[in-house]
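Here are the chains, one letter per residue:
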Amino acid sequence: MNSKIIKSTILILSIVLYFFLLCNLHQSILGYVNNNFTYPLDDSYIHLAIAKNIVEHGVWGINSDEFSSASSSPLFTVILSLILYIFGNNSYIPLLINILFSLSIIYLIWYYFKNKLSYTLLILLLILTIIWTPLPNLTIIAMEHTLHIFLTLLYLLLICEILINKNQSNKIIYLYYLTSFLLPISRYEGLFIIIGGNLILFLSKKIKISIVGGVCSILSVSLFGFYFIYNGGTFFPYSVVIKTSLNNLNLIQKLIPFDNISSYIKDNTARPLLICFIFVIIYSFLVQFKLKKNILKIIIALSIGILLHIMYSKFGWLARYEAYIIPSLLCIIFYSLQNSYNASKRLSLSYQLLYYFLLILLIYPTYYFTKRSLINHEKIIIGAEEIYNQQYQTALFIQKYYPNKSVAINDIGYPSYLSNNTHIVDIYGLGNTQIALAKKNKSKNINPVIISEIKKNNVKAAFIYKKWFSDDLYKDWVEIGYWEINHRVRYIGKLAIGGTTGGACVYIFSTSTELNDIEYLKNSLKEFNKNQLTQNAHFTKLEK
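Before going into details, it helps to say that this report is about the structure given with it. Just so we're clear, the structure is a prediction, and the values are computed from it rather than from any experiment.

What follows deals with the sheet that holds strand E4 (residues 478-485). Strands sit in the order E2-E1-E3-E7-E4-E8 across an open sheet of six strands; the sheet is mixed. Each end of this open sheet is capped by a strand with a single partner; those strands are strand E2 (423-426) and strand E8 (537-541). Strand-to-strand twist across the sheet, computed as the mean angle between neighbouring axes with direction ignored, equals 20°. Where E4 meets strand E7 (residues 505-510), six bridges bridge the pair, whose relative direction is antiparallel. What sits directly across from Trp483, in E7, is Val506. Docked against the sheet, helix H18 (residues 363-401) engages strand E1 (406-409), strand E3 (461-464), E4, E7 and E8, running at close to 140° with respect to E4. Across the face of the sheet, helix H23 (residues 515-531) comes into contact with E3, E4, E7 and E8 while running at roughly 20° to E4.

Structure, rendered in structure tokens:
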């Protein structure tokens, strides 16, 4: 069979596998959400809410009249806004964007390695990229992660081309500059890879390319940072400022956060990645120093990025934080395997035996990433069901009974996206500047700031997870009751898989002590619970 046909068939089969897994996951979700497709994370709707307000009101925020930098990916929010502007508001648009970038990842890997790997290794590389990343699961989450993966992979492949080819075309160099500009604003962890990449280029005497690429990265982050500051926010989005694990550390601990590193290694989240890197470094070191050295530079660049991620970022939560590392890591592993196979005839028997022995190192990561993908699949189904039964129901209630009013919430995505001109006070801080600044400044007690924001915005009702806050926050509010969802547990063998929401119960308070406000909330809940509340959630009324 013609080699071109075989290579094209490999690409087609990979795309078919991706769509098969994606459609299966989509249909599984629909069976649990009354055919009303729901994303498994409330965060997905934060992007939609901001994009909707940008298009309809020219405001970057979860409210149509208030700035807030709740998005952790400015680039994804801009792309989403442009598409909403062209095609109109539709909750499926983030899913379609993720399908496009997932296909781009598959095509980019195929295009770059189709003439560098054997047919067997090429199809294995594509299959494992789809399953272990895992691309269908990240597509269903419908956030910025597939965009981040694509730009990370493209960035490293461009560096590889720049290092290999002495006389690069301007097209490659300009594409590198553009990718350097876009990568850090796809997710700020992109800066980790860029630091490693620019260092390698600089040491490889590609000084001009390294400096210009670094300037492009700093420029993109700064443009958004100064825009956020101009609007009263912080240089980095509130989600980055609030959720970072470095807030409570001193300068030395921030520079060398040993606690972060040790905790990740102890709970197995970073260990498989470290094992993979031990493999590729030793494996490639032996092969490349017998043949050529450029791939070692790519390994070092990615190693620096992973080390910085371990030090300053997170792992887990639907396998999305570290997902951008997996395809690039797989590409390095398979390229190393191909090189070692090509070199095996020219190397001694002892070297060949050492290569086969090193393959044993991959047994644990293979087991871990396969299990991780299965767990992730189950969590996504449960998460979508819980978001439908909890955040969606909350959003429907607020949309119907509190239009043109103010409410306080701590999980803001769905309610802010569906709000009918309702002003959302995000008491967690992602969507509220004053609360975010209080957290950034390490205020020991931010409750006075929250209460001040509630009074300033004339909030009448609050929908919160109690365990996220101290009792002092709501001690003067009137607790009406709570919605409780039935936490569904799925199993992989004997392993129980839980959901993604912040708690089974959403507690409902009247923040106003006025009798009319309290009665209105009670009567509204009574009507909603009778006519609209999903069967998989129930309301418990508190009598006082």
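We are not done yet, so read on.
As a further point, take the environment of Arg187. Residue position: Arg187 is located in the loop between helix H8 (170-186) and helix H9 (190-203). Here the alpha-carbon distance between Arg187 and Ser72, two residues 115 residues apart in the chain, equals 6.5 Å.

Core analysis: the largest hydrophobic core is formed by 167 residues, its most contacted members being Ile29, Phe113, Tyr176, Phe397, Ile427, Phe463 and Trp483. Counting residues per element, this core draws most heavily on helix H7 (residues 145-164), which supplies 14 residues. For Phe397, the residues in contact, after removing those within four places along its chain, are Tyr402, Phe463, Trp483, Leu521, Ser524, Leu525 and Phe528.

This part is about the environment of Ala384. With respect to the element layout, Ala384 can be found in helix H18. Distance in space between the C-alpha atoms of Ala384 and Ile29 is 6.5 Å, their sequence separation being 355 residues.

Okay, a nonpolar patch on the surface next. Where nonpolar side chains cluster on the molecular surface, the patch consists of Leu199, Phe202, Leu203, Ile207, Ile211 and Val215 and spans about 560 Å² of accessible area. When contributions to the nonpolar patch are tallied by element, the ones reaching two or more residues are H9 and helix H10 (207-230). If you trace the backbone, Leu199 turns up in helix H9.

Cis rather than trans, the peptide bond between Thr133 and Pro134 has omega equal to -15°. Although it is not a glycine, Asn35 adopts a positive phi angle of roughly 60°. Of note, Asn35 is situated in the loop between helix H1 (3-30) and helix H2 (43-57). The exposure class of Asn35 is exposed, given its relative accessible area of 63%. The phi dihedral of Lys205 is positive, around 65°, even though this residue is not glycine.

Our next topic: the pairing of E4. Extensive coverage of E4 is indicated by the burial of six of its eight residues. Sheet topology places E4 next to E8; five bridges connect them, and they run antiparallel. Across the sheet, Tyr482 pairs through a bridge with Thr540, a residue of E8.

What follows covers H10. Taking 1.5 Å per residue, 24 residues should reach 34 Å; H10 reaches 34 Å between its end C-alpha atoms and fits that length. When H10 is considered as a whole, its buried residues turn out to be Ile209, Ser210, Gly213, Gly214, Cys216, Ser217, Ser220, Val221, Ser222, Phe224, Gly225 and Phe228. Contacts from the buried residues of H10 go to helix H3 (74-87), H7, H8 and H9. Directly beyond the C-terminal end of H10, a positive phi value near 95° is found at Gly232.

The next point concerns the packing of aromatic side chains. Overall, the coordinates contain 42 aromatic pairs when judged by the stated rule. Centroid distance Tyr18 to Phe19: 5.2 Å. Interplanar angle 65°. Geometry classified as edge-to-face. In this structure Tyr18 comes out as buried when scored by relative accessible area, which is 0%. Considering the side-chain rings of Tyr39 and Tyr45, the 5.4 Å spacing of their centres and the 50° angle between planes classify their relative orientation as tilted. Judged by its relative accessible area of 1%, Tyr39 falls in the buried class. One aromatic cluster is present, built from ring pairs that chain together Phe37, Tyr39, Tyr45, Tyr92, Tyr388, Tyr392, Tyr414 and Tyr417. Taking the ring centre of Tyr428 as reference, the NZ or CZ of Lys439 above it sits at 3.8 Å. Over the aromatic face of Tyr507 sits the side chain of Lys466, whose NZ or CZ is 4.6 Å from the ring centroid.

About the cut-offs
- Here the residue numbers are simple positions, counted from 1 along each chain's written sequence.
- With the structure being a predicted model, the display of local features is reserved for residues of pLDDT at least 70 and the display and counting of side-chain atom pairs for 80 or more, all residues being used for whole-chain, interface and lining totals.
- Side-chain metrics in this entry use all non-hydrogen atoms of the structure; hydrogen atoms and water are not considered.
- We call two strands paired when DSSP finds no fewer than two bridges between them.
- Under the DSSP-based scheme used, a helix requires at least four consecutive residues in state H or I and a strand at least two consecutive residues in state E, with every element numbered from the N terminus.
- Axis geometry follows a simple rule: fit a line to the C-alpha atoms, using only the stretch in contact for helices, then measure angles between N-to-C directions, giving values from 0 to 180 degrees.
- We call two residues contacting when some pair of their heavy atoms lies within 4.5 Å.
- In this description, a nonpolar core means a group of buried Ala, Val, Leu, Ile, Met, Phe, Trp, Tyr and Cys residues linked to one another through side-chain atoms lying within 4.5 Å.
- Each residue is assigned to one of three classes by its accessible area relative to the maximum for its type, calculated with a 1.4 Å probe on protein chains only: buried under 20%, partly exposed between the two thresholds, exposed over 50%.
- Patch membership requires more than 30% relative accessible area and the absence of a salt bridge. Residues of like charge join within 9 Å; the nonpolar side chains Val, Leu, Ile, Met, Phe, Trp and Tyr join within 5 Å.
- Methods summary: accessible areas were calculated by the Shrake-Rupley approach with a probe of 1.4 Å, and residue burial reflects only the protein chains presented.
- Salt bridges are identified by distance alone: a Lys or Arg side-chain nitrogen within 4 Å of an Asp or Glu carboxyl oxygen.
- Expected span, for any helix, means 1.5 Å times one less than how many residues it has.
- We call Phe, Tyr and Trp rings a pair once their centres come within 6.5 Å, taking the six-membered ring for Trp, and we label the pair stacked below 30 degrees between planes, edge-to-face above 60, and tilted otherwise.
- A positively charged side chain is recorded as over a ring if its NZ (Lys) or CZ (Arg) lies within 6 Å of the ring centre. The angle to the ring normal must also be within 35 degrees.

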